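# Observations on the three-dimensional arrangement
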Amino acid sequence: MLPTLAAQPHDSLLHACVHGRRRDMVVLKASGPKLRDYLQGQVTQDMRRLDAAHAIYAMALTPQGKAIADMFIAEGDDEALILLTWRAHAEALVKRLRRFAIGYTLRIGIVADMAVHSVQGPASASLLQGAGLPDPGPRALAAAFGDGVLVLAMPEAAERGYWLAAPGERLDALSLEPGLRVDEAVIRCARIRRGHPVFGVDWDASVHPLNANLSEYDGVSFDKGCFVGQEVTSRMHWRGGIKYRLYRLALSSVPAMLPAAIHTTAAVGTITSAMQDSDGAIYGIGRLPISIADADVPLQLEDGSPVRIIEPCHG
């Protein structure tokens, strides 16, 4: 059954805000001497861009350039770094980062008692203020740390929104309006409506990250120097190897099932996520050849109902 955004949370997302626990995300902490030097050679983004006011988005790759996990890296309130990642890939990420740490004293692991809470909507900043939390501003991945809570401007918000990362008990004690609390299913609907893809849902390790909008999410640096998987990634970038993108889509009917094929005269792409809001509008995320998208040819589902590209997915 297609995820549906009911009238009340839909209205709150558009005109106020909602908040809810992100149980599909986990918090990792990493520490140790020369940690940033180590991560500089392991992840796709430049660690030198990370500071207290701005987190970074990055991926860990295999030497062959295949995706293992993506992550949002922020500074903590001590020497440690905080990494937010998807629960389904967290253990693989920890294992991967420990694997190449020969010669480094690296401590990294999932912090079981920490959690992630999502706040979304145009009134999100007011909700933060009411809870006594700092507002880092709306710029994507702007960060602030206050009273034991990391506040991170998140890329999946429909208008404006934040992730809050802290011990679960601390998050539960925040003065967040209980009437605006929603189930995680609403948060998932909001991220599809926004057009924010998730690794493991909208694409997987069979797709190179550059073909899944890693550049559009500012998740890779091509001038930082070597990192694991850099040779394949750079070759694709400089030699025109990026042939696909993930796009935010408007659908005219509900797909019979997901994933669903996107057709011209033949199947050319795939819809991986879709949702319907209380106004009846249907949004999806799909993967298409850039050449097809740029040609502006008519697209449709298998039953002939039109599919329209809104924009490439981006941060």
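Note that this is a predicted model, so its numbers are computed, not measured. Counting restarts for each chain: residues are numbered from 1 in the order of the written sequence. Under the rules for a predicted model, residues below a pLDDT of 70 receive no local features and side-chain atom pairs below 80 are neither given nor counted, while totals for whole chains, interfaces and linings still include all residues. Computation of side-chain values: all heavy atoms of the structure, hydrogens and water removed.

This part takes up the overall build of the protein chain. Going along the chain from the N terminus, every DSSP run of H or I of four or more residues is numbered as a helix, and every run of E of two or more is numbered as a strand. Along the protein chain, the regular secondary structure elements total eight helices and 16 strands. Here the globule rule is a power law, 2.2 Å times the number of residues to the power 0.38, and the radius of gyration is based on C-alpha atoms. In terms of overall size, the protein chain behaves like a compact globule, its C-alpha atoms giving a radius of gyration of 20 Å where 315 residues would be expected to give roughly 20 Å. The C-alpha extent of the protein chain, read off along each of the three principal axes, is 60 × 50 × 25 Å. The buried share of the protein chain, reckoned over its 315 residues, is 56%. On the protein chain, roughly 13800 Å² of surface is accessible, and the fraction owed to carbon and sulfur atoms is 51%. Type-normalised accessible area, obtained with a 1.4 Å probe on protein chains alone, sets the label of each residue: buried when under 20%, exposed when over 50%, and partly exposed for intermediate values. In short, Shrake-Rupley with a 1.4 Å probe defines the accessible areas, and a residue's cover is counted only from the protein chains shown.

It is worth spelling out the sheet that holds strand 4 (residues 67-75) at this point. One open sheet holds the five strands; their spatial order is 3-4-5-2-6, and the pairing between them is antiparallel. Edge positions in the open sheet fall to strand 3 (56-61) and strand 6 (107-110), since each of these has one partner strand only. Here the strands of the sheet are splayed against their neighbours by 30° on average, with no regard to which way each runs. Here strand 3 runs beside strand 4; their pairing, made up of six bridges, is antiparallel. At least two bridges found by DSSP between two strands are what make those strands a pair. Throughout, an axis means a line fitted to C-alpha atoms (over the contacting stretch in the case of helices), and angles, computed between N-to-C directions, take values from 0 to 180 degrees.

It is worth spelling out the side chain of Thr44 at this point. In this structure, Thr44 sits in the loop between helix 2 (35-40) and strand 3. Judged by relative accessible area, Thr44 falls into the buried class, the value being 1%. In protein, a polar contact requires one atom able to donate a hydrogen and another able to accept it; more generally it is a pair of N or O atoms within 3.5 Å, and residues adjacent in sequence count only if both atoms are side-chain atoms. A polar atom in the side chain of Thr44 sits 2.5 Å from the backbone oxygen of Gly219. By definition, residues are in contact when any of their heavy atoms lie within 4.5 Å. Aside from chain neighbours lying at most four places away, what touches Thr44 is Ala58, Met59, Leu61, Leu214, Gly219, Val220, Ser221, Lys224 and Phe227.

Turning our attention to the packing of aromatic side chains. Only centres within 6.5 Å qualify two rings of Phe, Tyr or Trp (six-membered ring in Trp) as a pair; their planes then separate them into stacked at under 30 degrees, edge-to-face at over 60, and tilted for everything else. The final tally for this structure, using the stated rule, is six aromatic pairs. Ring pairing ties together the aromatic residues Tyr57, Phe72, Trp163 and Tyr217, which thus form one cluster. Whether a charge sits over a ring depends on NZ of Lys or CZ of Arg being within 6 Å of the ring centre and within 35 degrees of the ring normal. The side chain of Arg287 reaches across the aromatic face of Tyr244, ending 4.1 Å from its centre.

The element helix 6 (residues 184-194) is extensively covered by neighbouring structure, given that nine of its 11 residues are classed as buried. For helix 6, the complete set of buried residues consists of Glu184, Val186, Ile187, Cys189, Ala190, Arg191, Ile192, Arg193 and Arg194. Where helix 6 starts, the residue carrying a side-chain oxygen 2.8 Å from the main-chain nitrogen of Ala185 turns out to be Asp183. Remark: Gly195 follows helix 6 within two positions and exhibits a positive phi of approximately 85°.

What follows is about the pairing of strand 10 (residues 161-167). Summarising burial for strand 10: six of the seven residues are buried, a large majority. Where strand 7 (residues 114-120) lies against strand 10, seven bridges are found, and the strand directions are antiparallel. Considered in strand 10, the bridge of Gln120 is made with Gly161.

A word on unusual backbone geometry. Of the consecutive residues Leu258 and Pro259, the connecting peptide bond is found in the cis state with omega at 0°. Take Pro259: it is sitting in the loop between strand 11 (244-251) and strand 12 (260-263). Even without being glycine, Asn213 reaches a positive phi, approximately 70°. Inspection of the secondary structure assignment puts Asn213 in the loop between helix 6 and helix 7 (230-238). Positive phi outside glycine occurs at Asp296, with the angle close to 55°. Of note, Asp296 is situated in the loop between helix 8 (290-295) and strand 15 (299-300).

Moving on, we come to the nonpolar core. By nonpolar core is meant a set of buried Ala, Val, Leu, Ile, Met, Phe, Trp, Tyr and Cys residues that side-chain atoms within 4.5 Å join together. Counting residues in each nonpolar core, the largest one holds 37 residues, and the members touching the most others are Leu84, Leu152, Trp163 and Trp203. Looking at this core, the elements with two or more residues in it are strand 2 (25-31), strand 3, strand 4, strand 5 (81-86), strand 7, strand 9 (149-153) and strand 10. Leu152 has contacts with Ala55, Phe72, Leu84, Leu141, Ala142, Ala143, Gly161, Tyr162 and Trp163, leaving out every residue within four places of it along the chain.

What follows is about the pairing of strand 9. Burial within strand 9 is extensive, with five of its five residues counted as buried. Here strand 9 shows a buried face lined by Val149, Val151 and Ala153 and a second buried face lined by Leu150 and Leu152. Relative to strand 9, strand 8 (residues 143-146) is paired through four bridges, and the arrangement is antiparallel. If you follow Ala143 over to strand 9, its bridge partner there is Leu152. Counting the residues between successive antiparallel strands, the hairpin from strand 8 to strand 9 contains two residues, one of them, Asp147, with a positive phi of roughly 55°.

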